[in-house]
Amino acid sequence: MWHRKDLLGLEGLTRPELETILDRAERLKDILAQPEKKRTTLRGRSVLTLFFEASTRTRTSFEMAGKFLSADLTSISPSTSSAQKGETLLDTARNLEAMGFDLVVMRHQFSGAPQFLAERLAAHVINAGDGLHEHPTQGLLDMMTIREKKGRLDGLQVAIIGDIAHSRVARSDLWGLRAMGAQVRLAGPATMLPDDLSAFGVDTFTRPEEALEGADVVMMLRVQLERQQRGLFPTPHEYSRFWGLTPERLRLAKPDALVMHPGPLNRGLEIPTEVADGDQSVILEQVTNGVAVRMACLTLLLGVDDK
Ligand code: CP
């Protein structure tokens with residue numbers, strides 16, 4: 001069962017809690033296969049999406065999830081809100097809560113911003129990605145996709161490769177997968193690995209080949225080009241040569257290994273087109289499962305049955 005007010009991260013969630021979300025998402029996914037997708041599950045509940053950073057997949061899938069379940073949805077963009085006039089995040093959120101929102105889905109560039117609001121608002125808060133901290137619904141949709149394809153998470157070897165230091169996806173995947181019994185390997189250039197890796201308690205490599213050997217799942221991370229001015233790698237060509245998931249490198253993993261990526265893709269950089277669109281890729285299935293996971297999270301936090 002689910003007893004938490006908010007979903008701020010996967011760190012600290014128990015296996016039964018994660019299974020509750022994943023099981024519910026699996027059931028709700030059936031809605032997506034129906035010609036008539038509208039349900040009344042969240043009728044009368046109001047949901048606000050508040051995204052201070054760009055998003056295609058997360059924002060749209062939260063909005064689709066809410067609409068399929070008949071929630072009343074409102075979206076705010078900081079560029080057209082009074083945040084432009086200097087209104088603080090807390091004032092913005094308190095004013096919006098005064099209008100009666102039951103749940104706020106929030107993405108913010110600062111780690112901890114969703115927690116800051118969650119501690120001060122009566123409304124439920126879902127973290128849709130905060131700084132370098134976590135992106136819990138991405139971790140959940142990744143787990144759902146792996147479980148769907150492999151039938152389990154327990155004992156699987158999952159290689160997460162790329163810019164680990166700046167990846168909130170890597171953190172959520174790591175906490176969630178470990179709680180579900182998977183073995184996680186992290187690999188990235190030394191400039192893209194966190195300083196204190198001992199906190200993660202996982203195998204870490206500075207060559208992709210070592211992490212790929214015998215892996216069941218390969219999760220490639222987006223190179224965050226917006227951080228490249230810090231000189232984290234010499235050139236894009238060098239990065240793709242030494243870290244890109246070429247077909248040859250992919251052959252080091254198990255023959256039926258899943259290829260995953262949270263998106264958006266830098267085609268030709270961390271992943272070439274033939275692998276991104278190849279037989280082993282489940283990247284678009286991750287996106288579909290994102291809608292199901294978000295339906296599950298909305299209903300669980302709002303304390304509504306998934307009927
Ligand atoms: N995976 C992900 O968070 O994508 P968006 O930035 O498009 O939401």
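Residues numbered from 1 in each chain as written. Predicted model: local features only at pLDDT ≥ 70, side-chain atom pairs only at ≥ 80, totals over all residues. Heavy atoms only, no water.

Structural notes on the packing of aromatic side chains
This is how the line gets drawn: Any two rings among Phe, Tyr and Trp, with Trp reduced to its six-membered ring, count as a pair given centres within 6.5 Å; such a pair is stacked if its planes are under 30 degrees apart, edge-to-face if over 60, and tilted if neither.
Under the criterion given, the structure shown has one aromatic pair. Measuring from centroid to centroid gives 5.0 Å for Phe233 and Tyr239, while their planes differ by 50°, and the two rings are tilted.

A short note on the sheet that holds strand S5 (residues 157-161)
Filter applied, for reference: When DSSP finds at least two bridges between two strands, those strands are taken to pair. Each helix is a run of DSSP H or I of at least 4 residues and each strand a run of E of at least 2, with the numbering of both proceeding from the N terminus. Only the contacting stretch of a helix is used when fitting its axis, a line to C-alpha atoms as for every element, and angles between N-to-C directions run 0 to 180 degrees. In what follows, residue pairs with any heavy atoms lying within 4.5 Å of each other are defined as contacts.
An order of S7-S6-S5-S8-S9 is seen for the five strands of this open sheet, with the pairing classed as parallel. Single-partner strands in this sheet number two, and they are strand S7 (203-205) and strand S9 (258-260). Within this sheet the neighbouring strands show an average axis-to-axis angle of 20°, counted without direction. Where strand S8 (residues 217-220) and S9 come together, three bridges link them in parallel fashion. Directly across from Val218, in S9, lies its bridge partner Val259. Where helix H5 (residues 136-150) meets the sheet, it contacts S8 and S9, and its direction lies at approximately 165° from that of S9.

Observations regarding the pattern of salt bridges
To be explicit about the condition: A pair is scored as a salt bridge if a Lys or Arg side-chain nitrogen falls within 4 Å of a carboxyl oxygen belonging to Asp or Glu. Classification of residues uses two cut-offs on accessible area relative to the type maximum, computed with a 1.4 Å probe and protein chains only: under 20% is buried, over 50% is exposed, and between them is partly exposed.
Scanning the entire structure with this criterion turns up 19 salt bridges. For Arg15, the salt bridge identified is with Asp154, shortest N-O distance 3.1 Å. Placement of the pair is Arg15 in helix H1 (residues 15-32) and Asp154 in the loop between H5 and S5, with a sequence separation of 139 residues. Since its relative accessible area comes to 38%, Asp154 is described here as partly exposed.

Points about the environment of Phe242
Relative to the helices and strands, Phe242 resides in helix H8 (residues 236-243). Look at Phe242 and you get partly exposed, because its relative accessible area is 39%. Linking Phe242 and Pro208, residues 34 residues apart in sequence, is a C-alpha distance of 8.0 Å. Leaving out residues up to four positions away in the same chain, Phe242 has contacts with Pro208 and Arg249.

Considerations on the layout of surface pockets
Cut-off, in case you're wondering: Method remark: on a 1 Å grid restricted to protein atoms, a set of points is classed as a cavity if a 1.4 Å probe fits but cannot get out and as a pocket if it is open with protein on both sides within 12 Å along at least five of seven lines; lining residues have an atom within 4 Å of a point. Grid points are joined across faces, edges and corners, and a volume is the space filled by probe spheres set on the points. Each residue receives one of three labels: charged for Asp, Glu, Lys and Arg, nonpolar for Ala, Val, Leu, Ile, Met, Phe, Trp, Tyr, Cys and Pro, and polar for the others, Gly being one of them.
Space inside the largest pocket adds up to approximately 510 Å³. Every residue lining the largest pocket is counted, 26 residues in all, and those nearest its centre are Arg107, Arg168, Arg222, Gln224 and Gly263. Listing elements by their share of the lining of the largest pocket, those giving two or more residues are helix H2 (57-68) and helix H6 (168-179). When its residues are assigned to classes, the lining of the largest pocket shows six nonpolar, twelve polar and eight charged.

Re the nonpolar core
Most often, soluble globular proteins have nonpolar side chains that are buried together. Spelled out, the test is: Among buried residues, the Ala, Val, Leu, Ile, Met, Phe, Trp, Tyr and Cys ones that are joined through side-chain atoms within 4.5 Å form a nonpolar core.
Among the nonpolar cores identified, the biggest contains 61 residues, and Leu7, Ile126, Leu140, Met143 and Ile160 are the most heavily contacted of them. Among the elements that make up this core, the one with the highest residue count is helix H11 (residues 283-301) (nine residues). Non-local contacts of Met143, meaning those with residues more than four positions away in its chain, are made with Leu10, Leu18, Leu22, Leu153, Gly176, Leu177 and Met180. By size, the runner-up hydrophobic cluster in this structure holds 24 residues, among which are Val218, Leu245, Val275 and Ile283.

Here's the deal with the sheet that holds strand S1 (residues 46-51)
Ordered by their spatial adjacency, four strands build an open sheet running S2-S1-S3-S4, and the pairing between neighbours is parallel. Of all strands in the sheet, those bounded by a partner on one side alone are strand S2 (72-76) and strand S4 (124-130). In this sheet, neighbouring strand axes are inclined to one another by 15° on average, regardless of whether the strands run parallel or antiparallel. Here H11 sits on the sheet in contact with S1, strand S3 (103-108) and S4, set at roughly 150° to S4.

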